[in-house]
Amino acid sequence: MRFFLNDSLNFIAKLTLRRAWNFAKVLSSFYIAKWTRYPLQWGMPVTVSIEPTTACNLRCPECPSGLRAFSRATGNLKEDFFRRMVDDMHRDLFYLIFYFQGEPYINPRFLDMVQYAHRRNIFTITSTNGHFLNDENARRTVESGLDRLIISVDGTTQDTYAQYRVGGALDNVLEGARNVIRWKRRLQSRRPHVVFQFLVVQPNQHQIPEIYKLAREIGADEVKLKTAQVYDYQNGNPLIPTIDRFARYRRSADGTWQVKHALTNHCWKLWHSCVITWDGLVVPCCFDKDAQHRLGDLKKTTFRELWHAPGYTAFRKAMLRGRDQIDICRNCTEGCSVWA
């Protein structure tokens, strides 16, 4: 993994004694739980993903938001509700990811919420398909204090890009990236760290060398190659790359496909992070896209009460006993990104 000075400095600047102590408690309790199979949990989350919206302008084939396949309600995160959550959590929370499902910039108050988290000295990240980074939004993004901006650029030509980002326009995405980089320079800001994220699938794998060239030409800070989660993989799928390094799945002797990595009975995510939907439901991680495993509702309780409640403890205990018995875990791979 390469070292990026400005991004690292921004990250370190958020560190406080309380957050460092909280991280130490979370990490130590995770290892004790891993070794003893007892769901001990000390401390509060180090990171949280909060969903600005479930709405999206694209139709990506492996995305419930793009496919309009949710059974849960669709809507936008409300700013006052977001502020209450942040006020409850910010002393221990190190960084906040403004993303779960949907396109964050569709929420009209999204950048105001980023700015509020920034004022609370939280490291902020978002992931976008890049279609809403017009000149005004680009300027506001830089001014908001957003620390890291991940832009999905899943092809270097329109034909290739649109095979996964259905309904998308690559030229709009690249122009949006240029807008952000131009405003960073104009405002002399080291934020946000701009990442071109390239979701490697079979139709675009031949363009991996080209994405690095494109990122350099535009001025992005980093390229991240990400492997793709595929739902219907057992009988193969045309999205699975033929380059083994970038595939989460491999073909078995009987001709069926399976997840490459062993499914161990422990999960760091359940100790240091969680996901909060736009309407305040707390779910274990980003693999529970339809919020089937609801561990609490922040409209009814505080996060601190929920984090150590019997429901959360029971879920951690079930995972320690048999992760293969939990549906969202079966298609999960830790370390699903290839950094370069």
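1. Observations regarding the overall build of the chain
(1) Moving on: Scanning the chain from terminus to terminus reveals twelve helices and twelve strands.
(2) Moving on: For 340 residues, the compact-globule estimate of 2.2 N^0.38 gives 20 Å, and the chain sits close to it at 20 Å.
(3) Moving on: Oriented by its inertia axes, the alpha-carbon framework of the chain measures out at about 55 × 50 × 40 Å.
(4) Moving on: Across the 340 residues that make up the chain, the buried fraction comes to 56%.
(5) Moving on: Contacts in the chain between residues far apart in sequence, at least 24 positions, make up 69% of those at least 6 positions apart.
(6) Moving on: For the chain, the exposed area adds up to about 15300 Å²; of that, 52% sits on carbon and sulfur atoms.
(7) Moving on: Charged side chains of the chain number 48 positive and 33 negative; the gap between the two group centres comes to 5 Å.

2. Topic: the environment of V86
(1) Moving on: For V86, the position within the fold is in helix α4 (residues 79-89).
(2) Moving on: Excluding its chain neighbours within four sequence positions, the residues that come into contact with V86 are L96, Y116, R120 and I122.

3. Some remarks on helix α6 (residues 135-144)
Helical geometry note: an α-helix holds 3.6 residues per turn, so side chains three or four residues apart project in the same direction.
(1) Moving on: Taken residue by residue, α6 has N137, A138, T141, V142 and S144 as its buried positions. Seen from one end, α6 has its buried residues packed into an arc of 160°, which puts them on one side.
(2) Moving on: Of the surrounding elements, those touching the buried residues of α6 are α5 (110-119) and α8 (170-186).
(3) Moving on: In the segment just after α6, G145 is the residue with positive phi, at about 90°.

4. A closer look at the packing of aromatic side chains
(1) Moving on: For the structure shown, the criterion picks out 15 aromatic pairs.
(2) Moving on: Geometrically, the ring pair formed by F30 and W268 is edge-to-face, given 5.2 Å between the ring centres and 65° between the ring planes. Of this pair, F30 sits in helix α2 (residues 17-36) while W268 sits in the loop between β8 (257-259) and α10 (269-272); the two residues are 238 residues apart in sequence, bridging distant segments of the chain.
(3) Moving on: W268 sits in the partly exposed class, given a relative accessible area of 25%.
(4) Moving on: Ring geometry for Y233 versus Y249: centroids 4.6 Å apart, planes at 20°, classification stacked. Of this pair, Y233 sits in the loop between β6 (222-227) and β7 (249-251) while Y249 sits in strand β7; the two residues are 16 residues apart in sequence, bridging distant segments of the chain.
(5) Moving on: For Y233, a relative accessible area of 10% corresponds to the buried category.
(6) Moving on: A connected cluster of aromatic rings, assembled from ring pairs, spans F23, F30, Y31, W35, W268 and W271.
(7) Moving on: Against the face of W307 rests R316, its NZ or CZ located 4.6 Å from the ring centre.

5. Some details on the confidence of the model for the chain
(1) Moving on: Per-chain confidence: the chain averages 91 in pLDDT, with 96% of residues scoring 70 or above.
(2) Moving on: For the stretch residues 335-340, pLDDT sits under 50, and the model shows 19 contacts to residues farther than four places along the chain or on other chains.

6. Here we look at the side chain of T47
(1) Moving on: Relative to the elements of secondary structure, T47 occurs in strand β1 (residues 47-50).
(2) Moving on: Exposure remark for T47: the relative accessible area of 4% places this residue in the buried category.
(3) Moving on: Residue contacts for T47: discarding those within four places in its chain leaves L93, Y95, I97, H272, S273 and C274.

7. Focus: the environment of Q197
(1) Moving on: Considering the arrangement of structural elements, one finds Q197 in strand β5 (residues 193-200).
(2) Moving on: When the C-alpha atoms of Q197 and T128 are compared, they prove to be 9.7 Å apart, with 69 residues separating the residues in sequence.
(3) Moving on: Excluding residues within four positions of it along the chain, Q197 makes contact with S127, I150, I151, S152, V153, D154, K224 and K226.
(4) Moving on: A polar atom in the side chain of Q197 sits 3.0 Å from the side chain of K224.

8. Considerations on the nonpolar core
(1) Moving on: Counting 90 residues, the largest nonpolar core has F82, I151, V153, F196, I276 and F303 as its most contacted members.
(2) Moving on: Among the elements that make up this core, the one with the highest residue count is α8 (seven residues).
(3) Moving on: Here F303 is in contact with M44, P45, D88, M89, C274, I276, V282 and L298, once residues within four sequence places are set aside.

The rules behind each value
- Residues numbered from 1 in each chain as written.
- Predicted model: local features only at pLDDT ≥ 70, side-chain atom pairs only at ≥ 80, totals over all residues.
- Heavy atoms only, no water.
- Helix = DSSP H or I, 4+ residues; strand = E, 2+ residues; numbered from the N terminus.
- Rg over C-alpha atoms; globule rule 2.2 N^0.38 Å.
- Buried < 20%, exposed > 50% of the residue type's maximum accessible area, 1.4 Å probe, protein only.
- Contact = heavy atoms within 4.5 Å.
- Areas by Shrake-Rupley, 256 points an atom, 1.4 Å probe, with all protein chains shown as cover.
- Lys, Arg positive; Asp, Glu negative; His and termini not counted.
- Charge placed at Lys NZ, Arg CZ, Asp CG, Glu CD.
- Arc of directions from axis to C-beta.
- Phe/Tyr/Trp six-rings, centres within 6.5 Å; stacked < 30°, edge-to-face > 60°.
- Lys NZ or Arg CZ within 6 Å of the ring centre and 35° of its normal.
- pLDDT = per-residue confidence, 0-100.
- Polar contact = N/O pair within 3.5 Å; in protein donor to acceptor, adjacent residues only side chain to side chain.
- Core = buried A, V, L, I, M, F, W, Y, C linked by side-chain atoms within 4.5 Å.

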